[in-house]
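# A look at the structure
As a plain string of letters, each chain reads:
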Amino acid sequence: MIITEKLASMPLDSPSIVNLHHLISTTIKDEQHSLVFDSNQGLECVLNGYHERVRKTVENLILASIRSSSTYTSSRSTIKVDQVENSTWDEPVPVLKLEDALNVINEKVIILLENSENDWNFLLGIMKQRDRERILKYAESGWVEPVHGGGDSLGRILESEGKKQWKALRTFVLFDSDRLHPDEFNLDWTPERVGQQPSSCHAFGWEACVKQYFRDRYWMLKRRFIESYMPRDELILAAENKTDSNAVKFFFEMDQNARWYYNMKAGLEKDRKRADSERSRDLFSGLSDEALKSLSTGFGNTIARHYKQSIGREFSWDMDARQEADIVLPKLLNLL
């Protein structure tokens, strides 16, 4: 948090002076926040507001906070607090009035998920161990909270919470892409179908919402589901009760796009019965009759539960999964 000289030099008899010192004391007393001033004069103005008996103690705490801030990357979540009439939320570094800044620093980090158990375990599992340990520590202390959004209700929650700007600034969102073909990531693709019912693709609307309210604090998967990231050895374990023992073999014999957008839960037959089944195009046209039969029913609705195992031991994630996570996860970690 950056405090401007203009704010720091407010008169001691100002009605807002108590809020200023409350903001400072809240920031310097815990490890979740750090404090800097945009000028030495601003720091001196704040310190002059304290009685000489406590000034040195406060000064040491502030200087320790300033030193800790020097260890953070430039991309760490930052706000500037200034003496302004209205807050500006959509800048790379939001400029907030005092009251809004107090709301922000008192907000825990919310991780909004379609499924607060399976998605949470997937997110933890694909992190590096040190990051997983850090976020679990914060979750245990109450500073981070995974929140269940639900597949049908997530859109309403995004719209509602996104309008509360101080909450949106402290929220990270993870959701499936729901895409059935890689071309559906093209900017000109929409679920609209001329003369027909629109395609079912929740994530298309969610993406528009998070771009508006949550900027880059979200991860829309590049693959269809979290299940689409399951490593081969883990999928064998997760699907061990599946009748067709060849399904995993045939699955990994498909090309990358077919694997990424295959219906992991219900299989090819379920997608063939969709009203918008044409969306898969020719992804599976090259499969043998044996493979089509084996992959017709999918791996079941519960395979995502296997991600719970990824917290206690490292999964052998494929390189593309690792690279995708390494790009997105810092956006979450910078909120902590």
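Residues numbered from 1 in each chain as written. Predicted model: local features only at pLDDT ≥ 70, side-chain atom pairs only at ≥ 80, totals over all residues. Heavy atoms only, no water.

This part is about the sheet that holds strand 6 (residues 144–148). Spatially, 6-5-7-8 is the arrangement adopted by the four strands of the open sheet, whose pairing is parallel. Of all strands in the sheet, those bounded by a partner on one side alone are strand 6 and strand 8 (218–220). Averaged over all pairs of adjacent strands, the angle between strand axes in this sheet comes to 15°, irrespective of strand direction. In the packing of helix 6 (residues 118–125) onto the sheet, contacts are made with strand 5 (109–113), strand 6, strand 7 (171–175) and strand 8, and the angle to strand 5 comes to roughly 115°. Across the sheet, helix 10 (residues 202–213) touches strand 7 and strand 8, and the angle it forms with strand 7 is around 160°. (Pairing = 2+ DSSP bridges. Helix = DSSP H or I, 4+ residues; strand = E, 2+ residues; numbered from the N terminus. Axes fitted to C-alpha atoms, helices over the stretch in contact; angles between N-to-C directions. Contact = heavy atoms within 4.5 Å.)

On to the packing of helix 8 (residues 154–162) against helix 10. A pair of packed helices is characterised by two quantities: the angle between their axes and the separation of those axes. Close contact between helix 8 and helix 10 brings their axes to 10 Å; oriented N to C, the two are set at 15°. Considering the angle they form, helix 8 stands roughly parallel to helix 10. Crossing of helix 8 against helix 10: the hand is left-handed. Residues Leu154, Gly155, Leu158, Glu159 and Gly162 of helix 8 form the contact with helix 10, whose own contacting residues are Trp206, Cys209, Val210 and Tyr213. (Parallel < 35°, antiparallel > 145°, perpendicular 65-115°, else oblique. Left-handed = near helix turned anticlockwise from the far one by under 90°.)

Once that is clear, we can look at the packing of aromatic side chains. Evaluated as defined, the whole model comprises 16 aromatic pairs. Here tyrosine 262 and phenylalanine 299 contribute two aromatic rings whose centre-to-centre distance is 6.2 Å and whose plane-to-plane angle is 75°, an arrangement assigned as edge-to-face. In this pair, tyrosine 262 is assigned in the loop between helix 13 (256–261) and helix 14 (267–272) and phenylalanine 299 in the loop between helix 15 (289–294) and helix 16 (319–333), connecting sequence segments 37 residues apart. By relative accessible area, which is 0% here, tyrosine 262 ends up buried. Clustering of aromatic rings is evident, with ring pairs tying together Phe122, Trp219, Tyr229, Tyr307, Phe315 and Trp317. (Phe/Tyr/Trp six-rings, centres within 6.5 Å; stacked < 30°, edge-to-face > 60°. Buried < 20%, exposed > 50% of the residue type's maximum accessible area, 1.4 Å probe, protein only.)

Opposite charge on two side chains allows them to pair when their charged atoms are near. Enumeration over the complete set of coordinates arrives at 22 salt bridges. Here arginine 281 and aspartate 183 are joined by a salt bridge, their closest N and O atoms 2.8 Å apart. A residue pair is termed long-range when its members are at least 10 positions apart, and arginine 281 in the loop between helix 14 and helix 15 and aspartate 183 in the loop between strand 7 and helix 10 qualify at 98 residues. You can call arginine 281 exposed: its relative accessible area is 52%. Residue aspartate 276 is joined to arginine 279 by a salt bridge in which the shortest nitrogen-to-oxygen separation is 2.8 Å. Residue classification places aspartate 276 among the buried residues on the basis of a relative accessible area of 4%. On the accessibility criterion, arginine 279 (5% relative accessible area) is buried. Overlapping salt bridges bring together Glu184, Arg274, Asp276 and Arg279 as one network. (Salt bridge = Lys/Arg side-chain N within 4 Å of Asp/Glu carboxyl O.)

With parallel pairing, four strands are arranged side by side in an open sheet as 2-1-3-4. Two strands close off the open sheet at either side, each with one partner strand: strand 2 (36–37) and strand 4 (95–96). Here two bridges tie strand 3 (residues 80–81) to strand 4, and the two strands are oriented parallel to one another. Within strand 4, the position partnered with valine 81 by the bridge is leucine 96.

Next up on the list: the environment of methionine 230. If you trace the backbone, methionine 230 turns up in the loop between strand 8 and helix 11 (232–238). Given the relative accessible area of 4%, methionine 230 is considered buried. Excluding its chain neighbours within four sequence positions, the residues that come into contact with methionine 230 are Leu235, Ala238, Phe252, Ile303, His306, Tyr307 and Phe315.

Within strand 5, five of the five residues are buried, which leaves it mostly tucked inside the rest of the structure. Burial of the side chains of strand 5 extends over both faces: Val109, Ile111 and Leu113 are buried on one face and Ile110 and Leu112 on the other. Here four bridges tie strand 5 to strand 7, and the two strands are oriented parallel to one another. Each bridged residue has a counterpart across the sheet, and for leucine 113 the counterpart in strand 7 is leucine 174.

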